[in-house]
Amino acid sequence: MLSETIQQALNRQITYEYAASYTYLAMAAYFESLSLTGFAHWFRIQSEEEREHALRFFDYVNDRGGRVMLGAIDEPQNEFASPLDAFERALAHEQRVTAAIHAIYSLAAQENDYATMSMLKWFIDEQVEEEKSAEEIIQHLKLIGNDGVGLLMLDRKLAEREGEE
């Protein structure tokens, strides 16, 4: 059985994950408007992954006899100064998600909730991958600068991303 404190933290995390999904879908729409369909594809997959993360938390709360309570999601930002701006914002968002997951892990450790700590290990590892991926694309965008050909080459590369299995 989950403590009330852990349950509330996990419910907040479900909302964060759905907000991330919504944010990444807005970024996909932004890139579609620029005809950068590879970038859009990358963010659509990212959006799907965040929904899957939310459902992992959802299922975990239910499996532990808790009660899922979904929170409100704010309207996401829809306009960005550049592709680099969008990816820098995505990285900042991932870093906030990482901090939230770490806070839940610390809370679970304080409460000796080993099952929640075990479940969170997957998310901690996943966040390392999420941040690394965004950081690499940011570095590529900085190297490309204002080179349209480079941007199109990166767009083609991002179009090859496959979703998680």
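Conventions used here
- Residues numbered from 1 in each chain as written.
- Predicted model: local features only at pLDDT ≥ 70, side-chain atom pairs only at ≥ 80, totals over all residues.
- Heavy atoms only, no water.
- Core = buried A, V, L, I, M, F, W, Y, C linked by side-chain atoms within 4.5 Å.
- Buried < 20%, exposed > 50% of the residue type's maximum accessible area, 1.4 Å probe, protein only.
- Helix = DSSP H or I, 4+ residues; strand = E, 2+ residues; numbered from the N terminus.
- Contact = heavy atoms within 4.5 Å.
- Salt bridge = Lys/Arg side-chain N within 4 Å of Asp/Glu carboxyl O.

(A) Structural context of the nonpolar core. Of all hydrophobic cores here, the largest spans 23 residues; its most connected members are Phe31, Phe39, Phe43, Phe87, Ile137, Leu154 and Leu158. Mapped onto this core, the elements with two or more residues apiece are helix 1 (4–33), helix 2 (37–63), helix 3 (83–110), helix 4 (114–144) and helix 5 (148–158). For this core, the element with the most residues is helix 1, which contributes six residues. Residue contacts for phenylalanine 31: discarding those within four places in its chain leaves Leu36, Phe39, Ala40, Phe43, Pro83, Ala86 and Phe87. In this structure, Ala9, Leu10, Ala54 and Ile104 belong to the second largest nonpolar core, which totals 19 residues.

(B) Examining the pattern of salt bridges more closely. Taken as a whole and assessed by the stated rule, the structure comprises five salt bridges. Aspartate 85 is the partner of arginine 89 in a salt bridge, and the nearest nitrogen-oxygen pair spans 2.9 Å. Within this pair, arginine 89 and its partner aspartate 85 are both found in helix 3, separated by four residues, close to a single helical turn. Arginine 89 sits in the partly exposed class, given a relative accessible area of 38%.

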